[in-house]
Amino acid sequence: QTAFEKSIDPASQKMLEKAENEGIETAWDRYEKQLPQCSFGQLGICCRNCNMGPCRIDPFGEGAEKGICGATADIIVARNLLRMIAAGAAAHSDHARDAVLTFKKMTEGEAGSYGIKDKTKLFSLASEYGISLEGKSHEEVAGELASALLAEFGKQEGPIQYTRRAPEARLRLWTSLGIEPRGVDREIVECMHRTHIGVDNDATHILLHGLRTSLSDGWGGSMIATEIQDVLFGTPEPKKSTVNLGVLSHDKVNVIIHGHEPILSEMIVQAAEDPELLELAKEKGAAGINVAGICCTGNETLMRHGTPIAGNFLQQELAVVTGAVEAMIVDVQCIMPALGNLTGCYHTKFISTSPKADFPGTVRMEFHEERAYDTAREIVRTAVENFPNRNIEKVNIPEEKQECMVGFSAEAILKALGGSPAPLIDAIAGGAVKGIGAVVGCNNVKVQHNYGHVNLVKELIKNNVLVVTTGCNAIACAEAGLLVPEAAAQAGDGLKGVCEALGIPPVLHMGSCVDISRILVLASAIAKSLGVDISDLPAAGAAPEWMSEKAVSIGAYVVSSGVFTVLGTVPPVLGSQAVTALLTKGLDNVIGASFAVEPDPFKAANLMLEHIEGKRKALGL
Ligand code: BF8
Ligand code: SF4
């Protein structure tokens, strides 16, 4: 593959060429060495759940049709999928747990670096839990809220409070199907129990629990993470920033924050403004300290502070290849262990901070809330002290950087609309806006980097579908210049008019992947004000380049919430016709939405448009 075949992004292409010239290996090279990939794995028909195995099913029906215990392809595929959902839900929800624990410590005076940024949200969240505000200081309210949120993880019986934000009809459906989640940890643990040898061995039965677990993520863990992070760090509001590798600086100390938890990145952003460290940077010959994000922790600080973003998932290695990164600071999730070797080829310090996550070749600087700001200062100091080691001959920062407008929390969108979803609903009813497309998710070397994201989104806005985005899709869209109000020129006439009237881009950045919960909240608000279910809305979702287990959990809860979702890479389920049919058709009759798989972004857009058109008709629009 040439650099042009690997990515559509010019900045990334340049760094891929630089890597090749320098003999540096990237994910694409490692992908080639994996080819051809194991077809049992691709079809989802291998099982290692006990030590009589590994077992695999012959997809052509000529060899083994059953595992040693008698598990069929249907059972094995369903079990493997359930384990993916469990891992994804666990990742989001364990992140949420840590955010709540930080919040709790803060209320107990043990995490002095943190405070309450959004009191309005604190009070509204507390009221949702029935916590009375009367005669209490906000610290007391916060303490009670922290305990209530923490209890969601260990609950044995539901409801998880935020599921109550869903429209009545949706709640009734979940109850009637027996998939209303009971407690965040309980559902995940039950996935592991059910997939142990000799427990749940009916594909449909297994998958229903998958939906329940995913709901405990979307309306539980992820939503809790979003909400409590807003209380701690502020609810995002529209602001401008810049993205792509060109945000790295020639004369400043470049500090990259990569991973997922703003508990860390917020402190790094603050520490980078510390006068003492700025003075030190000057002493070391640097013009300042430049913090840039990668992946979702980047999205978190982008949304709240306008901190620039250097790239999405497949650009993490390319950022190091610029030769201009003094420190790559990571916490959890989507961090390639390859960064260890790679940073060793440059002067870059690879700093791991999470008690849960270490990688080869890191400097360990464990991060604990009790002394968060001090640790952040030490980390930034390490970066600054590394500046003189930058080898100018190895430095090549691509020029490409792109402006973007970000910060569209559900609250900010409602505010832009004048306080209620009514103007948006009117625009949809009048046909100026055909519907809403939620486009999210990762990069994946199986797709040309950003090709799926950018083309799908462009196609949707051209057809007057307002796009909401999070995660690595949001970064791809930003790099392609779709997150500026001027991008309205690329939209169909109706959407263009609406965007121009409101001064917003046709693609609204709603945050990190846990912030897909913001999309659920927005969808609920629209459905409720129309008096319908989410599955009645002219809305569709897509993950054009997804790769992570978190994305599987997201896909499952988005569909379970009633939104048709198109996947751009094939999930490992094709080894079971029954599971494939259930996911792509059967679920429609069960949950009112289903999945489709379509690697071609133009065709995927068409599937979404057809779906939206169908829903419009059903609503009489
Ligand atoms: O949580 S989109 S590659 S960075 S998993 Fe990872 Fe996928 Fe990016 Fe954020 Ni989400
Ligand atoms: Fe084989 Fe069954 Fe064991 Fe899986 S659980 S490895 S199918 S015997």
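Our subject is the structure that appears above.
Reading the values: rules and limits
- Residues numbered from 1 in each chain as written.
- Chains lettered and ligands numbered in written order.
- Predicted model: local features only at pLDDT ≥ 70, side-chain atom pairs only at ≥ 80, totals over all residues.
- Heavy atoms only, no water.
- Buried < 20%, exposed > 50% of the residue type's maximum accessible area, 1.4 Å probe, protein only.
- Helix = DSSP H or I, 4+ residues; strand = E, 2+ residues; numbered from the N terminus.
- Donors = N, O, S within 2.8 Å, 3.2 Å for Na, K, Ca; no water.
- Tetrahedral: all angles 85-135°; square planar, octahedral: opposite > 155°, others 65-115°.
- Near = heavy atom within 4 Å.
- Nonpolar A, V, L, I, M, F, W, Y, C, P; charged D, E, K, R; others polar.
- Polar contact = N/O pair within 3.5 Å; in protein donor to acceptor, adjacent residues only side chain to side chain.
- Domains from an automatic or database assignment.
- Patch = residues over 30% accessible without salt bridge, like charges linked within 9 Å, V, L, I, M, F, W, Y side chains within 5 Å.
- Areas by Shrake-Rupley, 256 points an atom, 1.4 Å probe, with all protein chains shown as cover.
- Salt bridge = Lys/Arg side-chain N within 4 Å of Asp/Glu carboxyl O.
- Contact = heavy atoms within 4.5 Å.

Participant: Can you walk me through helix 11 (residues 262-271) in this structure?
Facilitator: Structural remark: α-helix, 3.6 residues per turn; residues separated by three or four positions point the same way. Of all ten residues in helix 11, nine are buried; the element is thus mostly enclosed. Among all positions of helix 11, only Pro-262, Ile-263, Leu-264, Ser-265, Glu-266, Met-267, Ile-268, Val-269 and Ala-271 are buried.

Participant: Explanation requested: the coordination of the nickel atom of ligand 1 in the structure shown.
Facilitator: Reference values for coordination geometry: four tetrahedral donors around a metal ideally subtend 109.5 degrees, six octahedral donors ideally subtend 90 or 180 degrees. Protein coordination of the nickel atom of ligand 1 is limited to a single donor, Cys-513 (SG), which sits 2.2 Å from the metal. Geometry at the nickel atom of ligand 1 is irregular, judged from its four donor atoms and the angles of 90 to 162 degrees they form at the metal. Mapped onto the elements, Cys-513 comes out in the loop between strand 13 (507-511) and helix 22 (516-530).

Participant: Looking at this structure, how should I read the site of ligand 2?
Facilitator: The environment of ligand 2 is formed by Cys-47, Asn-49, Cys-50, Met-52, Gly-53, Cys-55, Gly-67, Ile-68, Cys-69, Ala-71, Arg-79 and Ile-197. Grouping the constituent residues of the shell around ligand 2 by class yields eight nonpolar, three polar and one charged.

Participant: Sorry if this is basic, but what is going on with the site of ligand 1 here?
Facilitator: Lining the immediate environment of ligand 1, one finds His-260, Cys-295, Cys-296, Phe-313, Cys-334, Gly-441, Cys-442, Cys-472, Cys-513, Met-547, Ser-548 and Lys-550. One nitrogen or oxygen atom from the side chain of His-260 is found 2.8 Å from an oxygen atom belonging to ligand 1. Here an oxygen atom of ligand 1 and a side-chain polar atom of Lys-550 are 3.0 Å apart. In terms of residue class, the shell around ligand 1 is built from eight nonpolar, three polar and one charged. Counting residues domain by domain, the shell around ligand 1 receives three or more from each of domain 3 (245-394) and domain 4 (408-618).

Participant: Please explain a nonpolar patch on the surface as it appears in this structure.
Facilitator: On the surface, Ile-8, Tyr-451 and Phe-602 cluster together into a nonpolar patch covering about 220 Å² of accessible area. As for its placement among the helices and strands, Phe-602 is situated in helix 25 (residues 601-618). Judged by its relative accessible area of 35%, Phe-602 falls in the partly exposed class.

Participant: Looking at this structure, I do not really get the side chain of His-95. What am I missing?
Facilitator: Turning to its location among the elements, His-95 is positioned in helix 5 (residues 73-107). For His-95, a relative accessible area of 3% corresponds to the buried category. Residues in contact with His-95, not counting those within four places in the same chain, are Ala-225, Gln-229, His-260, Glu-261, Pro-262, Gln-333 and Val-514.

Participant: Looking at this structure, I do not really get unusual backbone geometry. What am I missing?
Facilitator: Residues other than glycine predominantly adopt negative phi, and peptide bonds predominantly adopt the trans conformation. The peptide bond linking Gly-53 to Pro-54 adopts the cis configuration, its omega dihedral lying at 5 degrees. Here Pro-54 shows up in the loop between strand 1 (46-47) and strand 2 (55-56). Cis geometry marks the peptide bond from Gly-158 to Pro-159; its omega dihedral reads -5 degrees. Its location among the elements puts Pro-159 in the loop between helix 7 (138-154) and helix 8 (168-177). At Cys-295, a residue that is not glycine, the phi angle is positive and equals roughly 60 degrees. Structurally, Cys-295 is set in helix 13 (residues 295-305). Its identity is not glycine, yet Gln-333 carries a phi of approximately 75 degrees, on the positive side. Residue position: Gln-333 is located in the loop between strand 7 (327-330) and helix 15 (339-344). For Gln-333, a relative accessible area of 18% gives the class buried.

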